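The chain contents come next:
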Amino acid sequence: MSKALSEFNRILKIDGVIHVYVKQQQGLDKTSIVTDSISNHERFFQWFTKDEVRNLLSESGFTILEIEDNIADPGGRDEVKWICAFAKKT
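Throughout this description, residue numbers start from 1 for each chain and increase along the sequence as written. Local features are withheld for residues below a pLDDT of 70 in this predicted model, meaning they are given only at 70 or higher, and side-chain atom pairs are given and counted only at 80 or more; totals for whole chains, interfaces and linings count all residues. In computing side-chain properties, one takes all heavy atoms of the structure into account and sets aside hydrogens as well as water.

**Some details on the nonpolar core**
1) Next: Take the buried Ala, Val, Leu, Ile, Met, Phe, Trp, Tyr and Cys residues and link them wherever side-chain atoms come within 4.5 Å; each set so joined is a nonpolar core. Burial classification: accessible surface area is computed with a 1.4 Å probe over protein chains only, and a residue below 20% of its type maximum counts as buried, one above 50% as exposed, and the rest as partly exposed. Core analysis: the biggest nonpolar cluster contains 13 residues, and Ile18, Val20, Val53 and Leu57 have the highest contact counts within it.
2) Next: Segments assigned H or I by DSSP are reported as helices when at least four residues long, segments assigned E as strands when at least two residues long, and all are numbered from the N terminus. When residues of this core are traced back to their parent elements, those giving at least two are β1 (17-23), α2 (50-59), β4 (62-72) and β5 (81-89).
3) Next: Contact partners of Val53, with chain neighbours within four places excluded, come to Val22, Phe48, Ile67, Ile83 and Ala85. Note on contacts: a residue pair is in contact if any heavy atoms of the two residues lie within 4.5 Å.

And the structure:
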């Protein structure tokens, strides 16, 4: 994710804002590969902690405007929580 954030930082104008929405880590696992039941293709997932998202954004040259964790899953899955962050290129 750090490479992607660094690229976003490179292409954004000064004061440009990035919105990051990632799955929050709930257990010990950091990654998972799951077979999609509809397409029958494998999908890669990576989970993050709030501190990891904060550090990745800061290390990529962003200033955190807002960051929130434990956001309920829009699909209604109780076992899935999300992290939402807004950060600005300075």
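Text resumes after the structure shown.
**Looking at the pairing of β5**
1) Next: In this analysis, strands are considered paired if DSSP registers two or more bridges between them. As paired elements, β1 and β5 share seven bridges and run antiparallel to each other. By the bridge assignment, Ile18 is partnered in β5 with Ala87.

**Here we look at α2**
1) Next: Along α2, the positions that sit buried rather than exposed are Val53, Leu56 and Leu57. Axial view of α2: buried residues confined to an arc of 95°, hence all on one face.
2) Next: Buried-residue contacts for α2 involve α1 (2-11), β1, β4 and β5.
3) Next: Once α2 ends, the next one or two residues include Gly61, with phi positive near 95°. The directions considered for the arc run from the helix axis to the C-beta atoms.

**Examining the sheet that holds β5**
1) Next: Spatially, the three strands line up as an open sheet ordered β1-β5-β4, and their pairing is antiparallel. The sheet terminates laterally at β1 and β4, the two strands that pair on one side only. Taking the axes of each pair of neighbouring strands and ignoring which way they run, one obtains an average angle of 15° across the sheet.
2) Next: In this analysis an axis means a line fitted to C-alpha atoms, helices contributing only their contacting stretch, and an angle means the value between N-to-C directions, from 0 to 180 degrees. Sheet strands in contact with α2 are β1, β4 and β5, and its direction is about 160° off that of β4.

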